[in-house]
Structures are given as C-alpha cells and as structure tokens.
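The primary structure of each chain is shown beneath.
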Amino acid sequence: SYIKTIESMTTGAELAGAAFCLWGALIIGGGAAAKPRVQSLCGKDACNLFETVTGPGRGERKAKFIEIFDSLAIQIENGNNEDVDGQKKSEKEPLSSPFEKIITISKECMQGNNELIVSVKRNPWWLKYVLSSAVGIMATTLFYFNGKSARGGR
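A brief look at the structure comes next. (Residues numbered from 1 in each chain as written. Predicted model: local features only at pLDDT ≥ 70, side-chain atom pairs only at ≥ 80, totals over all residues. Heavy atoms only, no water.)

Quick word on the environment of Gly-30
- Along the chain, Gly-30 falls in helix H2 (residues 12-42).
- By relative accessible area, which is 35% here, Gly-30 ends up partly exposed.
- Remark: the alpha-carbon pair of Gly-30 and Thr-54, spanning 24 residues in sequence, is separated by 9.5 Å. (Helix = DSSP H or I, 4+ residues; strand = E, 2+ residues; numbered from the N terminus. Buried < 20%, exposed > 50% of the residue type's maximum accessible area, 1.4 Å probe, protein only.)

With respect to the packing of aromatic side chains
- Inspection of every chain in the model, using the stated rule, returns five aromatic pairs.
- Relative to Phe-69, the ring of Phe-65 lies with its centre 4.8 Å away and its plane at 45°, an arrangement referred to as tilted. Placement of the pair is Phe-65 and Phe-69 together in helix H3 (residues 58-77), with a separation of four residues, close to one helical turn. As far as burial versus exposure is concerned, Phe-65 and Phe-69 are alike and both buried.
- Taking 5.3 Å as the distance between ring centres and 70° as the angle between the ring planes, the aromatic pair formed by Tyr-144 and Phe-145 counts as edge-to-face.
- Chaining the aromatic ring pairs together yields one cluster made of Phe-20, Phe-65 and Phe-69. (Phe/Tyr/Trp six-rings, centres within 6.5 Å; stacked < 30°, edge-to-face > 60°.)

Overview of H2
- Helix length check: H2 (31 residues) gives 32 Å between terminal C-alpha atoms against 45 Å at 1.5 Å per residue, more than 12% under.
- For H2, the full list of buried residues reads Gly-12, Ala-13, Glu-14, Ala-16, Gly-17, Ala-18, Cys-21, Gly-24, Leu-26, Ile-27, Gly-31 and Ala-34. (Expected span 1.5 Å × (residues − 1).)

A word on the state of the cysteines
- This structure, assessed with the given rule, holds zero disulfides.
- The thiol of Cys-21 is unpaired, and the distance to the nearest cysteine sulfur, on Cys-109, comes to 5.0 Å. (Disulfide = S-S within 2.5 Å.)

Written as structure tokens, this is what we have:
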C-alpha cells in the first residue's frame, strides 16, 4: 500500500521524492486555500500539517523549498560524485541519477496521493434528510395500501 511504501523509504533520494510530493503542493501551491476545505471535511484536529505552510513567512518558506530542490538538481547536473544521501557512488551503480530517483518517487507518491484522495468519499449533508423522507413516504404509502386491502379495498 501507499502508506507502507512511504514507511519503507530509507534513502535520501526516496525521502526527498516523498517530501517534494507531499509538501511541495502545500508549500508552493494551495496549502493556504486547502486548509479551510480540509478543516470543514475532517475537523480542526486534522489541520496540524498546515501550521508549517500557512501564515506569516509563507513566501519565505516557498522560496526556501524551491531553492532546496533546485540545489539538488544543480548539484547532480554539475557531476558531484556523491549521492543525495551524501554517500559516494559506486562504479557498479546504474547510470540513473539520484535526481531521476527523486522524480520517480515523486511520481509514485503523487499517484498514491491521487488514489487516496479519490478513495475518500463523503456523502452530501442533505442525503440523510432525503433518505429519511423517502423511507417515511414509503412507510406511509405501504401502511395506507395495507390498511386499504385489509378493509376489502374500499
């Protein structure tokens, strides 16, 4: 499952990919706009993750986030012989770069996020009223016709 995949991540490239996907959308994108929607859907206790992405200093956090991920790409493009983990690359290691691993993990996490969001379903607020009204109308109708048939159809 998606959660187990994240829990099993151990390398810097994997963690960077997950962080980019999980926090990037909140910091760069719509964290401030999403907070009220999440709060109305899940309650105030579910909004603690927004504390680090909304409010004063949001612009600075956004700039720092972009700077960090840009520096990962620049470091790798410049031929640094260290992996994102700070470990020396072995000669036997495949040619894919750590930054490509970050991109791959980000893509996998985004897919997992999308599947998770789609799986969360919430009924409209008015559904319980419509269903209870329908049950009441059906019960009344059945009671009426049942009583009429018991009286001989008159």
